[in-house]
Amino acid sequence: MPKETALFLRQFVTNPLQVASVVPSSRWLARAMAQGLGPNSGRVVEFGPGTGVLTSGILETGLPPENLSLYEMSPSFAKLLKKKFPNITVHNAPAQSVVGNVEPGVEVVISGLPLLSMPMAVRESIVKAAFEILRPDGRYVQFTYGAKPALSAEQLDRLGLKVIAGPKVWLNIPPARIFIFQRA
Ligand SMILES: C[S@@+](CC[C@H](N)C(=O)[O-])C[C@H]1O[C@@H](n2cnc3c(N)ncnc32)[C@H](O)[C@@H]1O
């Protein structure tokens, strides 16, 4: 078993609710999550990068590494990410702590967080935090293993957001649906 897959599995066993998957995402999901980004994109923040599969997908678009910063709660994953991506700022901190630490005006937040494993209020606080740093036309891109977005219609209304269903990526374990959140 590759070293990173083994680390992922160990982290899942240690903290199943926080990791919520036994294997990292596929490169096909990573490409789909990074769609629309490129060398001229603005700042991007990634939530819950794990072993960095989505991070690699983002960098493959040509986005300058200095435009990307990561928020990962697990110390073991954060240590690996710092070694693997020396030119990217890695914060070993919860996604919610972006508020006050990241200057507003971010173009995209890419999230690999397991929102469906979290209580509704926590999901809402994370998406709210993302929109506090996103620019007015910024987007929050989230994959999920469920059929619906992670926030209810009532929560979306409260935050003034709309959701567009993106592609379903079948080449992933399990298949995942992408949802794009924007200001309504
Ligand atoms: C399902 S894994 C996804 C990992 C990676 N993005 C992928 O797609 O392979 C969820 C990741 O989110 C991290 N995580 C969970 N809650 C978090 C939070 N509140 N802030 C930052 N990271 C968090 C976990 O430690 C884990 O690395």
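Residues numbered from 1 in each chain as written. Predicted model: local features only at pLDDT ≥ 70, side-chain atom pairs only at ≥ 80, totals over all residues. Heavy atoms only, no water.

A.B. asks: Honestly, the overall build of the chain in this entry has me stumped. Any pointers?
C.D. replies: Of the regular secondary structure elements, the chain holds seven helices and seven strands. Secondary structure of the chain in N-to-C order comes out as α-α-α-β-α-β-α-β-β-α-β-α-β-β. Relative to its length of 184 residues, the chain is compact, with a C-alpha radius of gyration of 15 Å against a globular reference of 16 Å. Projected onto its principal axes, the C-alpha positions of the chain cover 45 × 30 × 30 Å. Considering only contacts within the chain whose residues lie at least 6 apart along the sequence, 66% involve residues at least 24 apart. Of the side-chain charges in the chain, 19 are positive and 12 negative, and the distance between the mean point of each set is 7 Å. (Helix = DSSP H or I, 4+ residues; strand = E, 2+ residues; numbered from the N terminus. Rg over C-alpha atoms; globule rule 2.2 N^0.38 Å. Contact = heavy atoms within 4.5 Å. Lys, Arg positive; Asp, Glu negative; His and termini not counted. Charge placed at Lys NZ, Arg CZ, Asp CG, Glu CD.)

A.B. asks: Got a minute to help me understand the site of the ligand in this structure?
C.D. replies: By nearness alone, 24 residues border the ligand, and Val19, Ser25, Gly48, Glu72 and Ala95 come closest of all. Glutamate 72 is positioned with one of its side-chain polar atoms (N or O) 2.6 Å from an oxygen atom of the ligand. Here methionine 73 contributes a backbone N or O atom positioned 3.3 Å from a nitrogen atom of the ligand. Calculation on the ligand without its partners gives an accessible area of 600 Å², and the protein chains cover 97% of this total. A majority-of-atoms criterion places the ligand in the largest pocket. (Near = heavy atom within 4 Å. Polar contact = N/O pair within 3.5 Å; in protein donor to acceptor, adjacent residues only side chain to side chain. Areas by Shrake-Rupley, 256 points an atom, 1.4 Å probe, with all protein chains shown as cover. 1 Å grid on protein atoms, 1.4 Å probe; cavity = no way out; pocket = protein on both sides within 12 Å on 5 of 7 lines; lining within 4 Å. Sits in = over half its atoms within 2 Å of the grid points.)

A.B. asks: Honestly, the packing of aromatic side chains in this entry has me stumped. Any pointers?
C.D. replies: Each aromatic ring pair is characterised by the separation of its centres together with the angle its planes make. Under the defined criterion, the tally for this structure stands at four aromatic pairs. Plain terms: the ring middles of tyrosine 140 and phenylalanine 181 are 5.5 Å apart, the flat faces sit at 85° to each other, and that makes the pair edge-to-face. You can see tyrosine 140 sitting in strand 5 (residues 134-144) and its partner phenylalanine 181 sitting in strand 7 (residues 176-183), a full 41 residues away along the chain. One exposure class covers both tyrosine 140 and phenylalanine 181, and it is buried. Ring-pair connections join several aromatic residues into one group, and the members of that group are Phe47, Tyr140 and Phe181. Stacked on the ring of tryptophan 28, the Lys or Arg arginine 27 has its end atom at 4.4 Å from the ring centre. The cationic tip of lysine 168 hangs over the ring face of tryptophan 170; the distance from NZ or CZ to the ring centre is 4.7 Å. (Phe/Tyr/Trp six-rings, centres within 6.5 Å; stacked < 30°, edge-to-face > 60°. Buried < 20%, exposed > 50% of the residue type's maximum accessible area, 1.4 Å probe, protein only. Lys NZ or Arg CZ within 6 Å of the ring centre and 35° of its normal.)

A.B. asks: Got a minute to help me understand the nonpolar core in this structure?
C.D. replies: Grouped burial of nonpolar side chains is what soluble globular proteins tend to show. Judged by nonpolar contacts, the single largest core of 26 residues is most densely connected at Val45, Phe47, Val109, Tyr140 and Phe181. Elements with a minimum of two residues in this core: strand 1 (44-47), strand 4 (106-111), helix 6 (120-133), strand 5 and strand 7. Tallying contributions element by element places helix 6 first for this core, with six residues. Setting aside chain neighbours within four positions, we find valine 109 in contact with Val45, Phe47, Ala130, Ile133, Leu134, Arg139, Tyr140 and Val141. Membership of the second largest hydrophobic core comes to 24 residues, among which are Ala30, Leu70, Phe85 and Ile110. (Core = buried A, V, L, I, M, F, W, Y, C linked by side-chain atoms within 4.5 Å.)

A.B. asks: Looking at this structure, how should I read the side chain of serine 21?
C.D. replies: Looking at the element boundaries, serine 21 is found in the loop between helix 2 (16-19) and helix 3 (27-33). Among the residues examined, serine 21 registers a relative accessible area of 9% and is labelled buried. Excluding residues within four positions of it along the chain, serine 21 makes contact with Phe8, Phe12 and Tyr145.

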